[in-house]
Amino acid sequence: MEEVRAVITGIHAWVPEYRLTNHELSKMVDTSDEWIMQRVGIKERRILKGEGLGSSDLGEKAVKGLLEKTNTSPDEIDLVICATITPDMVFPATANIISDKAGLKNAFSFDLGAACSGFLFALQTGAAYIQTGRFRKVIVIGADKMSSITDYTDRTTCPLFGDAAGAVLLEPGTGDYGIMDYIFRVDGSGRKFLHMKAGGSVKPASHETVNAREHFVYQEGQSVFKFAVVNMADIAVEIMERNNLKPEDIAWLVPHQANLRIIDATGKRMGLPPEKVMVNIENYGNTTAATIPLCLWEYEKKLRKGDKLILAAFGGGFTWGSLYLKWAYDPD
Ligand code: UT7
């Protein structure tokens, strides 16, 4: 019997309208367009403005667009997995809220937290459900309202992040397309370099934690950079070697968008020319779980059936991984 593979049959993403530019940031903290472009490669990021709006509102737009685009009825969806580190609330899961807002009546749903590797881990989790044979249509979302945990008085982190959501539809396929392989790793000791200090069960919210500004991303940038640049490149090369892929076999690297220098280093280590590397960090910054589906969505028209893609990410946890995917459809 032919092996069932999970195939991406559609992709959609959504970003809020508001553009927070480097110029505007330079009026809020001591920074400059020059520093941000040279060190990170970001020009602007999108911010979800408005009271009472959260990651589910980003995800809802991505999912509704995906259903419309793929001509799928909400009733057909069996499972929704939402990768996020900025859930609407600690519970219930943001995936449940998105399902409700998008009118999905027959799906069970849950969130997955793996920071910037969240979409990759969720994609493979969705694929594993498809491979059981019991699930025909699975939606995997990456949604993060990073502005809700970004300290706009801290110049070392506030230029980095933006808000966005992306979603893919996974279905079973038996051909030589879909998710072919993956390698995922975690090192929990890395948490000291990248975390949120308060708001969890160890240090619940209090007046003190709010006053100490402990409900925001805390990052020791240089240490994270050193781990990220080595591990993201290593794991991308590892999956190439395991699948006997030469640089010329690969159509696209789809990297997590945290820093243009990390992206460039990964592409170089893989032996890829820059035109084979998806990059949109300049326009959106680091949208955590949403970067990879946001890239795929922006480049969708350039993708061809049979294209070999390597997806790679590194993020908080530490978590990192790579995934080898054969694209399953031509544009339109
Ligand atoms: O997606 C999750 C995983 N996260 C990552 O992969 C992020 C990894 N880290 C990075 O991308 C980089 O470390 C950052 C972009 C966060 C920082 O870049 P860096 O080249 O590592 O800068 P640095 O932290 O070493 O700081 C260099 C200098 C410092 O000044 P001194 O000590 O040399 O005088 C900082 O105070 O730049 C200063 N600086 C800034 N200057 C202007 C830090 N932030 C800013 C700023 N504007 N926004």
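For the structure given in this document, a descriptive report is provided here. (Residues numbered from 1 in each chain as written. Predicted model: local features only at pLDDT ≥ 70, side-chain atom pairs only at ≥ 80, totals over all residues. Heavy atoms only, no water.)

## Re the overall build of the protein
The following threshold applies: Here a helix means four or more residues in a row that DSSP labels H or I, a strand means two or more in a row labelled E, and each is numbered from the N terminus. Radius of gyration: C-alpha atoms only; globule rule: 2.2 Å multiplied by the number of residues to the exponent 0.38. Accessible area is worked out with a 1.4 Å probe on protein chains only. A residue is then buried under 20% of its type maximum, exposed over 50%, and partly exposed in between. When checking whether two residues touch, look at their non-hydrogen atoms; a contact exists if any pair is within 4.5 Å. All accessible areas in this document rest on Shrake-Rupley with a 1.4 Å probe, and a residue is counted as covered only by the protein chains that are shown.
Along the protein, the regular secondary structure elements total 10 helices and 13 strands. Radius of gyration (C-alpha) of the protein: 19 Å, near the 20 Å computed for a compact globule of 332 residues. Here the C-alpha coordinates of the protein stretch approximately 60 × 45 × 35 Å along the principal axes. Buried residues in the protein amount to 54% of all 332 residues. Looking at the protein alone, contacts between residues at least 24 apart form 76% of all its contacts between residues at least 6 apart. Taken as a whole, the protein presents about 14,600 Å² of accessible surface, with 51% of it coming from carbon and sulfur.

## Some remarks on helix α8 (residues 260-269)
Because an α-helix packs 3.6 residues into every turn, residues spaced three or four apart end up facing the same way. Put simply, the test is: Directions drawn from the helix axis to the C-beta atoms are what define this arc. The definition of a polar contact used here is a pair of N or O atoms within 3.5 Å, where within protein one atom must be able to donate a hydrogen and the other to accept one, and adjacent residues in sequence count solely through side-chain atom pairs.
By the burial criterion, the buried members of α8 are Ile262, Ile263, Thr266 and Gly267. Taken around the axis of α8, the buried residues stretch over an arc of 130°, which confines them to a single face. Where α8 is buried, its residues touch α7 (221-242), β11 (252-255) and α9 (281-284). At the N-terminal end of α8, a side-chain oxygen is found 2.8 Å from the backbone nitrogen of Arg261, two or three residues along, and the residue is Asn259. Gly271 lies just past α8 and shows a positive phi near 80°.

## Details of the sheet that holds strand β13 (residues 319-326)
Keep this limit in mind: By this definition, two strands are paired if DSSP reports at least two bridges between them. Angles here are taken between N-to-C directions and fall from 0 to 180 degrees, while the axes themselves are lines fitted to C-alpha atoms, restricted in helices to the stretch in contact.
Read from one edge to the other, the open sheet built from 4 strands follows the order β8-β13-β12-β11, with strand pairing classed as mixed. The open sheet is flanked by β8 (178-186) and β11, the only strands paired with a single partner. Strand after strand, the sheet turns through a mean of 15° between neighbouring axes, direction not considered. Pairing of β8 with β13 involves 8 bridges; the strand directions are antiparallel. Opposite Arg185, over in β13, you have Trp320 as the bridge partner. Of the strands in this sheet, β8, β12 (308-315) and β13 touch helix α5 (residues 118-131), which is tilted by about 130° from β8.

## Thoughts on the packing of aromatic side chains
Condition: In summary, the pairing rule links any two rings of Phe, Tyr or Trp, Trp by its six-membered ring, whose centres are within 6.5 Å, and it sorts them by plane angle into stacked for under 30 degrees, edge-to-face for over 60 and tilted for everything else. Cation placement over rings: the criterion is NZ of Lys or CZ of Arg within 6 Å of the ring centroid and within 35° of the ring normal.
Considering all chains together, one arrives at 14 aromatic pairs under this definition. Taking the centre distance of 5.8 Å and the plane angle of 65° together, the rings of Phe108 and Tyr129 count as edge-to-face. Of this pair, Phe108 sits in strand β5 (residues 108-112) while Tyr129 sits in helix α5; the two residues are 21 residues apart in sequence, bridging distant segments of the chain. A residue is classified by how much of its surface remains accessible, and Phe108, at 36% relative accessible area, is partly exposed. Aromatic pair Phe108 and Phe135: ring centres 5.9 Å apart, planes at 55°, arrangement tilted. With Phe108 in strand β5 and Phe135 in the loop between α5 and β6 (138-145), this pair connects stretches of sequence that are 27 residues apart. Put simply, the rings of Phe193, Phe227, Phe314, Phe318 and Trp320 touch in pairs and so form one group of aromatic residues. Looking at Lys61, its charged tip hangs above the ring of Trp14, at a distance of 4.7 Å from the centre.

Keep in mind these values describe shape, not function.
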